[in-house]
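# Understanding the architecture of this molecule
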Amino acid sequence: MGIIIFFAAVIIAVGLGSKFKINYGVIAFALVLLIGTFYLGEGASAIIGRFPVTLFFNLFIVTVFYGFANENGALEGIASRIIYRFRTKGWLMPFVVYGTTIVVAGMGAGAAATPIIMSAIAFSLAIKFGYHPILASMAVWMGSMIGDSMPWTSSFASNVGRYIVFFDEGHVTNALTLRVVWYLIIFTAIFAVVYFVLKANKVSNVTLEMEAPKPFTEDQKKTLIITGVVIGLIIVPGFCQMFFPNPVTAFLKSKLSIQLLTAVGTVVMCLMKLADFNQVLKNRVPWGMIVTICGMTHLMALSKDLGVADFFGAILQERVPAGLIVPALILITGILTYFVDGQAVTAIVLPMLPVLVEVSGTTVGAIMLAYLMNVTASFSPFSTGGAMALSGCPEELRQKCINIQIYLPWILLAVSVLVGATGLLALGTPA
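Structure report, in brief.

Conventions adopted
- Residues numbered from 1 in each chain as written.
- Predicted model: local features only at pLDDT ≥ 70, side-chain atom pairs only at ≥ 80, totals over all residues.
- Heavy atoms only, no water.
- Helix = DSSP H or I, 4+ residues; strand = E, 2+ residues; numbered from the N terminus.
- Rg over C-alpha atoms; globule rule 2.2 N^0.38 Å.
- Buried < 20%, exposed > 50% of the residue type's maximum accessible area, 1.4 Å probe, protein only.
- Areas by Shrake-Rupley, 256 points an atom, 1.4 Å probe, with all protein chains shown as cover.
- Lys, Arg positive; Asp, Glu negative; His and termini not counted.
- Charge placed at Lys NZ, Arg CZ, Asp CG, Glu CD.
- Patch = residues over 30% accessible without salt bridge, like charges linked within 9 Å, V, L, I, M, F, W, Y side chains within 5 Å.
- Salt bridge = Lys/Arg side-chain N within 4 Å of Asp/Glu carboxyl O.
- Axes fitted to C-alpha atoms, helices over the stretch in contact; angles between N-to-C directions.
- Parallel < 35°, antiparallel > 145°, perpendicular 65-115°, else oblique.
- Left-handed = near helix turned anticlockwise from the far one by under 90°.
- Contact = heavy atoms within 4.5 Å.
- Nonpolar A, V, L, I, M, F, W, Y, C, P; charged D, E, K, R; others polar.
- 1 Å grid on protein atoms, 1.4 Å probe; cavity = no way out; pocket = protein on both sides within 12 Å on 5 of 7 lines; lining within 4 Å.
- Points joined across faces, edges and corners; volume = space filled by probe spheres on them.
- Core = buried A, V, L, I, M, F, W, Y, C linked by side-chain atoms within 4.5 Å.

### Structural notes on the overall build of the protein
- Within the protein one finds 22 helices and zero strands.
- What you see for the protein is a C-alpha radius of gyration of 22 Å, in line with the 22 Å of a compact globule of 431 residues.
- Overall, the protein is about 65 × 50 × 50 Å in size when its C-alpha atoms are taken along their principal axes.
- Looking at the 431 residues of the protein, the share that counts as buried comes to 51%.
- Roughly 18,900 Å² of accessible area belongs to the protein as shown, and the carbon and sulfur atoms make up 69% of that amount.
- Across the protein, the 24 positively charged side chains and the 18 negatively charged ones have centroids separated by 8 Å.

### Concerning a nonpolar patch on the surface
- A contiguous nonpolar surface patch, about 520 Å² in accessible area, is contributed by Leu260, Val264, Val267, Val268, Leu271 and Met272.
- Positionally, Val268 belongs in helix H12 (residues 258-271).
- Owing to a relative accessible area of 32%, Val268 belongs among the partly exposed residues under this scheme.

### A closer look at the packing of helix H1 (residues 2-20) against helix H14 (residues 287-300)
- It is at 11 Å that the axes of H1 and H14 come closest, and there the two elements cross at 165°. When the axes of H1 and H14 are compared, the pair comes out roughly antiparallel. Crossing handedness for the pair H1 and H14: right-handed. The residues of H14 that touch H1, namely those facing Phe6, Ala9, Val10, Ala13 and Val14, are Met296, Leu299 and Met300.
- Along the lines of polarity and charge, the residues of the contact of H1 with H14 split into eight nonpolar, no polar and no charged.

### Focus on the layout of surface pockets
- When its volume is computed, the second largest pocket comes out at roughly 950 Å³.
- Around the second largest pocket, the lining is made up of 27 residues, and of these Pro151, Phe156, Thr173, Thr177 and Ile234 lie nearest the centre.
- Put simply, the parts of the chain that give the lining of the second largest pocket at least two residues each are helix H8 (154-163), helix H9 (169-197), helix H10 (218-243), helix H11 (247-255) and H12.
- A total of eight residues in the lining of the second largest pocket trace back to one element, the largest contributor, which is H10.
- Considered class by class, the residues forming the lining of the second largest pocket number 18 nonpolar, seven polar and two charged.

### Considering the packing of helix H6 (residues 93-129) against helix H7 (residues 134-148)
- Interhelical geometry of H6 versus H7 gives an angle of 165° and a closest axis separation of 8 Å. Judged by the angle between their axes, H6 and H7 are roughly antiparallel. Where H6 crosses over H7, the two elements pack in a sense that is right-handed.
- Tallied by class, residues from the contact of H6 with H7 come to 18 nonpolar, nine polar and one charged.

### Considerations on the nonpolar core
- Judged by nonpolar contacts, the single largest core of 132 residues is most densely connected at Tyr131, Met138, Met142, Phe187, Leu299, Leu353 and Leu425.
- Considering each element in turn, this core owes the most residues, 15 residues, to H6.
- Setting aside its immediate chain neighbours within four residues, Tyr131 contacts Gly90, Met93, Pro94, Val97, Ala122, Leu125, Ala126, Ala200 and Val203.

### Structural notes on unusual backbone geometry
- A positive phi angle, close to 60°, is found at Lys199, a residue other than glycine.
- Using a relative accessible area of 52% as the deciding quantity, one classes Lys199 as exposed.
- Even without being a glycine, Lys273 presents a positive backbone phi close to 55°.
- Here Lys273 shows up in the loop between H12 and helix H13 (277-284).
- In this structure Lys273 comes out as exposed when scored by relative accessible area, which is 65%.

Pasting the structure below:
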């Protein structure tokens, strides 16, 4: 009965949210209270105690911090400078857009805002330099995915908060870090193949006519310095400890969390008035996304009490060979992601991951990476990621790109499935 209630709740949350344009998370909060009160027999305080506080804080504080660079135009300034620097090299421009998108997303714009900043620029450059517009769409989508996955971003912090509901934090952090490596390998390889197949390396070497970017304002300079210091303090101690272990960097790595650094950085930028804090809260913190993720994670946490994990564990142990679980997980979730929003897929699959670890005989990291590979199919024009990549596409080119985006995700998914079948995803992941 608990399993039926759980999946009914997921379907209701996603179905009502999609039909009536209501945030999934708001519906999920109500369903958690209903299930907890009338089926599990818990009081309101106990039910509210399940709320993913860590996840909410991670999402909030990191997006507020990067919101300053979004609000005062520092990120757009970085993008325009990179493109201006390479304006005479048409053959290199697809990779410049790809790299610039990674930088913009990694500097805090994230997968949601980056396409808004970069998509129109990317398609404009494709038209002016004469290479196929699908490379613009790919550069925006792939670059956003890679940049948004970096260890210092809000997405990384939110995923840590989401997955530690089910797994040890060390395993989660390791898997999410390896995800960046796999995205870089797979996405860059596919992008390079398409680049040469479409002969973008032979485009005419036109010089783009554009005005030199205006100098950074003092506020933008200070914002970028503070952002750079925070990112450096996250990366450098870990890097040093990996290759040159010593007590100093070990101490810094253990104490300087992204939460601490972004919280302090936010206060510093508020005190320096580098942007209007009220506008940052209003325009740059994705409240809808935060409510959705926290609400659905709150609902997911009920899966153990409702017997979902035990039910699927029994089925998998009896019917699915252990060696096929990783590629099958990539394939199934990828197919779902091709057609529907990733939040809906997460709601269905996330509670099953601990069971898949147990029955597959592989590592937590390998199963997490297999699930995270489903994003390779989100380049579909029917999925949020693919649609956002087309947000700046001129109408006369849109159908040309859509025709390719209907088929290309299947190639990306096939590559991911093959990688999963080889067992390579388990490399570098602790048992």
